[in-house]
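# Working through the structure, step by step
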Amino acid sequence: MAIQSSRVVVLISGSGSNLQALIDGQQAGNLPINIVAVISNRPDVYGLTRAAQADIPTVLLDHKAFANREAFDQQLTQVIDEYSPDLVVLAGFMRILTPQFTQHYLGRMLNIHPSLLPKFQGLHTHQRALDENETRHGVTVHFVTAELDGGPSAIQASVPIIDGDDASSLAKRVQRQEHIIYPLAVKWFAEGRLAMKENRAYLDNELLPEHGYLIESHEH
Ligand code: GAR
C-alpha cells in the first residue's frame, strides 16, 4: 500500500534555501509530502519566489500589521489550519512564538536551528561558536515546544570549525548539512517513524538521545 503523502505547511522569513531542499525532495519523489502552502511574515523574500516557481500557494502575513504577538499568532494559526496540515515546518521563520501557538501544534511542528543545541540558542550562532573557540559546530532539527530553541531534538549534524573560518564560511558549511538533515527529518515524520511523546523524540519507537540522531560531517 502506498504511503499517503503528508500535508506540510512551511513557514519562512527569508531566502528559503531549506524550503527549496524540501521542494526538491518532493519533486524528485524522495519525500512522501505535499507542500500545501508557504507562509511568510516578511514581504519580498526570495522564499516566496521559490514557492511560486514550484506552483505552491503562498500567503504573506506581515507581523507589522498586528497589534501584538498574540494577535499575529492567532491569525497565523487560522491561516495554517485552513490548509489542514499534518506537519508545520519552520524553515528560517524568525519569530518568537506564543505558548498558545506552540501548544496548538505540539508534536507536529519542527524547527531548524543553526547550532548544536542546547548550545547557542538564539541568534548569531556561528559567530558565537567562533568566539567560544569551539572545534565543532552544527545544526539541529527539533520539535517545537514553548521553550525557545528548546524542544526535543530529532537530528543533529556537526561540522568541523577550520582555521581561518569566519561566520560566513562556517554558516555555508552548516547550511550544506541543513539541506540534508531537514528533508531527512521531514521524511521520517511523514513516514510515521519520528514522533514526540512526553517531551522526548522517538525514532521507530526508540527513544532518541538528547541531541537526537547524530551525523558527523568531516567536510572542510
Ligand atoms: C537557516 O540557516 C536556519 O538554520 C536559520 O535561518 C536560516 C534560514 O535560511 N534559522 C534560525 O536561525 C532559527 N533560529 P533559509 O531561509 O535559506 O532556509
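Before reading further, recall that the structure is shown in the block above.
In this report, the structure presented in the accompanying data block is examined. Given the structure is predicted, the values throughout are model-derived calculations rather than measurements.

The rules we used
- Residues numbered from 1 in each chain as written.
- Predicted model: local features only at pLDDT ≥ 70, side-chain atom pairs only at ≥ 80, totals over all residues.
- Heavy atoms only, no water.
- Helix = DSSP H or I, 4+ residues; strand = E, 2+ residues; numbered from the N terminus.
- Rg over C-alpha atoms; globule rule 2.2 N^0.38 Å.
- Buried < 20%, exposed > 50% of the residue type's maximum accessible area, 1.4 Å probe, protein only.
- Contact = heavy atoms within 4.5 Å.
- Areas by Shrake-Rupley, 256 points an atom, 1.4 Å probe, with all protein chains shown as cover.
- Lys, Arg positive; Asp, Glu negative; His and termini not counted.
- Charge placed at Lys NZ, Arg CZ, Asp CG, Glu CD.
- Axes fitted to C-alpha atoms, helices over the stretch in contact; angles between N-to-C directions.
- Parallel < 35°, antiparallel > 145°, perpendicular 65-115°, else oblique.
- Left-handed = near helix turned anticlockwise from the far one by under 90°.
- Phe/Tyr/Trp six-rings, centres within 6.5 Å; stacked < 30°, edge-to-face > 60°.
- Lys NZ or Arg CZ within 6 Å of the ring centre and 35° of its normal.
- Pairing = 2+ DSSP bridges.

## Digging into the overall build of the protein
Tallying secondary structure elements over the protein gives 6 helices and 11 strands in all. Taking 17 Å as the expected radius of gyration for a compact globule of 220 residues, we find that the protein reaches 17 Å, a close match to that expectation. Taking the principal axes of the C-alpha coordinates as reference, the protein spans close to 50 × 45 × 35 Å. Among the 220 residues that make up the protein, the fraction classed as buried is 51%. Of the contacts formed within the protein by residues at least 6 apart in sequence, a portion of 64% connects residues at least 24 apart. Summed over all atoms, the accessible surface of the protein reaches about 10700 Å², with 48% contributed by carbon and sulfur. Of the side chains in the protein, 17 bear a positive and 25 a negative charge, and the two mean positions are spaced by 1 Å.

## Points about the packing of helix α1 (residues 17-27) against helix α2 (residues 46-53)
At a closest axis distance of 9 Å, the pairing of α1 and α2 adopts a crossing angle of 15 degrees. Comparing their axes, α2 and α1 come out roughly parallel. Crossing of α1 against α2: the hand is right-handed. Contact residues: α1 offers Ser17, Leu19, Gln20 and Ile23, while α2 offers Gly47, Arg50 and Ala51.

## Examining the packing of aromatic side chains
Summed over the entire model, instances satisfying the criterion amount to 4 aromatic pairs. Measuring from centroid to centroid gives 5.5 Å for Phe66 and Phe72, while their planes differ by 75 degrees, and the two rings are edge-to-face. Positioned over the ring face of Phe72 is Arg95, at 4.6 Å from the centre of the ring. The cationic tip of Lys197 hangs over the ring face of Tyr202; the distance from NZ or CZ to the ring centre is 4.5 Å.

## Here we look at the sheet that holds strand β8 (residues 194-197)
Backbone-to-backbone hydrogen bonds join strands into a sheet, with any given pair of strands oriented parallel or antiparallel. Read from one edge of the open sheet, 3 strands run β8-β9-β10, paired in antiparallel fashion. For this open sheet the edge positions go to β8 and β10 (206-207), each flanked by a neighbour on one side alone. Note that β8 and strand β9 (residues 200-203) share 4 bridges and pair antiparallel. Considered in β9, the bridge of Met196 is made with Ala201.

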